[in-house]
Amino acid sequence: MTTLDSIARPTGTFAMVAMDQRESLRHMFDLAGRGRPADDVLIDFKSAVATELGPLASAFLADRQFGFERVRRSLPPQTGLILAVDALDQQDGGPVEDTDIDDEAAAGPLDGVDALKLLIIWRRDAHRERRIELAERFIALARSKGVLSVLEPVVRETPGESGWDADVAIREAARELGALGPDLYKAQVPLAGEGDERAQRRASAALNDSMSGPWVVLSQGVARERFEPAVRAACQEGASGFLAGRALWSDVVGSADLAADLRARSVPRLAALIDTVDEFGRPWSEAGRGRAAAGEVRA
């Protein structure tokens, strides 16, 4: 039986690298002054990240569209493999507006794949029930394939919504979608990583209270220098680690010597984060003891 040990460190915590960006990665090259890269440039980048960071990571998240087989071959056997199966509704250069399950990606061979990942854009709008059904279908799909499910809700304000508070929404999404039973929940960092240690820990504790199972944080929207303190605070309050991409490698996009820059910048960042989760992270087998897991769901 597959358990979260297949994508975890020996400590039962998670230090996972995300490299499933697609058109957003192409846009990052553009922003870095390298122009709009061809697909093979994206594939080369993903493969280099897998080669340099894969040996340290407990798991590596990749997409089917850009060089999946090459990325998989670049990873050592001990690194777990997570496949993104989200179809993205995204305008060129813009944020992801909505998602669905990419049936073609999910139907492909899963040799060596330990888990599937689905991004869901969560809003308080008329499509809320549809997103719950989407999460349920995804969890059932992963279970039918004999692999783990990693659910990644990202909250967005509904046009015209008043009194928007992203952290309140992050907790609300965790209570609503985490209760469906994904094997691992991937959450946004509370306070977007801002605030002092006390504020960050207080916000992380509130998020942990909303969780029904093991959870990790993602790095999108968090300044690189703020990510490690945010991971530490989250782990001190119940998180089991991270699944992150941009905080590790965004500043080497477009590098003229990619392998060297990954080794000089990204590898030390990942190593420092691994030390953090090993020291402070809650092993996944001990997670899920927040108020939501105990049935104490609150508004």
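Scroll up to find the structure this text is about.
Read on for an overview of the structure. (Residues numbered from 1 in each chain as written. Predicted model: local features only at pLDDT ≥ 70, side-chain atom pairs only at ≥ 80, totals over all residues. Heavy atoms only, no water.)

**With respect to unusual backbone geometry**
Generally, phi is negative for residues other than glycine and the peptide bonds are trans, each holding for most cases. Although it is not a glycine, Leu191 adopts a positive phi angle of roughly 60°. Within the secondary structure layout, Leu191 lies in the loop between strand 8 (184-187) and helix 7 (197-209). Of note, Ala192 is a non-glycine position whose phi angle comes to about 55°, a positive value. If you trace the backbone, Ala192 turns up in the loop between strand 8 and helix 7. (Helix = DSSP H or I, 4+ residues; strand = E, 2+ residues; numbered from the N terminus.)

**A closer look at the environment of Asp30**
Of note, Asp30 is situated in helix 1 (residues 23-31). For the pair Asp30 and Glu152, spaced 122 residues apart in the sequence, the C-alpha separation amounts to 26 Å. Excluding residues that lie within four positions of it along the chain, Asp30 makes contacts with Gly35 and Arg36. (Contact = heavy atoms within 4.5 Å.)

**Things to note about the packing of helix 1 against helix 2 (residues 39-53)**
It is at 10 Å that the axes of helix 1 and helix 2 come closest, and there the two elements cross at 95°. The pairing of helix 1 with helix 2 is recorded here as roughly perpendicular in orientation. Residue-level inspection shows Leu25, Arg26 and Phe29 of helix 1 in contact with helix 2, the latter providing Asp39, Val41, Leu42, Phe45 and Lys46. (Axes fitted to C-alpha atoms, helices over the stretch in contact; angles between N-to-C directions. Parallel < 35°, antiparallel > 145°, perpendicular 65-115°, else oblique.)

**Some points on the side chain of Ser58**
For Ser58, the location among the structural elements is in the loop between helix 2 and strand 2 (59-63). Within the structure, the side chain of Ser58 is placed 2.8 Å from the backbone oxygen of Ile7, a separation counted as a polar contact. Discounting residues that sit within four places of it in the chain, Ser58 has contacts with Ser6, Ile7, Ala8, Arg9, Phe14, Ala15, Met16, Gln78, Thr79 and Gly80. (Polar contact = N/O pair within 3.5 Å; in protein donor to acceptor, adjacent residues only side chain to side chain.)

**Overview of the pairing of strand 4 (residues 86-90)**
Bridge count between strand 4 and strand 5 (residues 96-101): five bridges; the pairing is antiparallel. For Leu88, the partnering residue across the bridge sits in strand 5 and is Thr99. The antiparallel pairing of strand 4 with strand 5 creates a hairpin that spans five residues between the two strands, and Gly93 there sits at a positive phi of about 80°. (Pairing = 2+ DSSP bridges.)

**Some words on the packing of helix 7 against helix 8 (residues 224-236)**
Where helix 7 contacts helix 8, the axes come no closer than 8 Å and their chain directions differ by 50°. As judged from the angle between their axes, helix 7 and helix 8 are oblique. Helix 7 and helix 8 meet at a crossing whose hand is right-handed. Of helix 8, the residues touching helix 7 (which contributes Glu197, Gln200, Arg201 and Ser204) are Ala230, Ala233, Ala234 and Gln236. Looking at the contact of helix 7 with helix 8 residue by residue, the class counts come to three nonpolar, three polar and two charged. (Left-handed = near helix turned anticlockwise from the far one by under 90°. Nonpolar A, V, L, I, M, F, W, Y, C, P; charged D, E, K, R; others polar.)

**A look at the side chain of Thr79**
Examined against the element boundaries, Thr79 turns out to sit in the loop between helix 3 (68-74) and strand 3 (80-84). Here Ala57 takes part through its backbone oxygen, which lies 3.5 Å from a polar atom of the side chain of Thr79. Not counting the four nearest positions on each side in its chain, Thr79 is found in contact with Gly54, Pro55, Ala57, Ser58, Ala59 and Phe60.

**What about helix 2?**
With 15 residues, helix 2 extends 21 Å from end C-alpha to end C-alpha; this agrees with the ideal 21 Å at 1.5 Å per step. Of the residues making up helix 2, those classed as buried are Leu42, Ile43, Phe45, Lys46, Ser47, Ala48, Val49, Ala50, Glu52 and Leu53. If you follow the buried residues of helix 2, they end up packed against strand 1 (14-19), helix 1, strand 2, helix 3, helix 9 (246-249) and helix 10 (258-280). (Expected span 1.5 Å × (residues − 1). Buried < 20%, exposed > 50% of the residue type's maximum accessible area, 1.4 Å probe, protein only.)

**Focus on the packing of aromatic side chains**
Counted under the stated rule, the structure contains three aromatic pairs. Residues Phe227 and Phe242 carry aromatic rings whose centres are separated by 6.1 Å and whose planes lie at 85° to one another, so their mutual orientation is edge-to-face. With Phe227 in helix 8 and Phe242 in strand 10 (residues 241-244), this pair connects stretches of sequence that are 15 residues apart. The same class applies to Phe227 as to Phe242, namely buried. (Phe/Tyr/Trp six-rings, centres within 6.5 Å; stacked < 30°, edge-to-face > 60°.)

**A word on the pairing of strand 6 (residues 115-122)**
Within strand 6, eight of the eight residues are buried, which leaves it mostly tucked inside the rest of the structure. The alternating pattern of strand 6 places Ala115, Lys117, Leu119 and Ile121 on one face and Leu116, Leu118, Ile120 and Trp122 on the opposite face, and all of these are buried. Note: strand 3 against strand 6, three bridges, orientation parallel. Directly across from Ala84, in strand 6, lies its bridge partner Lys117. Across eight bridges, the pairing between strand 6 and strand 7 (residues 148-155) is parallel.

**A look at the nonpolar core**
Counting 75 residues, the largest nonpolar core has Phe45, Leu116, Phe227, Phe242 and Trp249 as its most contacted members. Once you skip the residues sitting within four places of it in the chain, Phe242 turns out to touch Phe14, Ala15, Met16, Val216, Val217, Phe227, Val231, Leu270, Leu273 and Val277. (Core = buried A, V, L, I, M, F, W, Y, C linked by side-chain atoms within 4.5 Å.)

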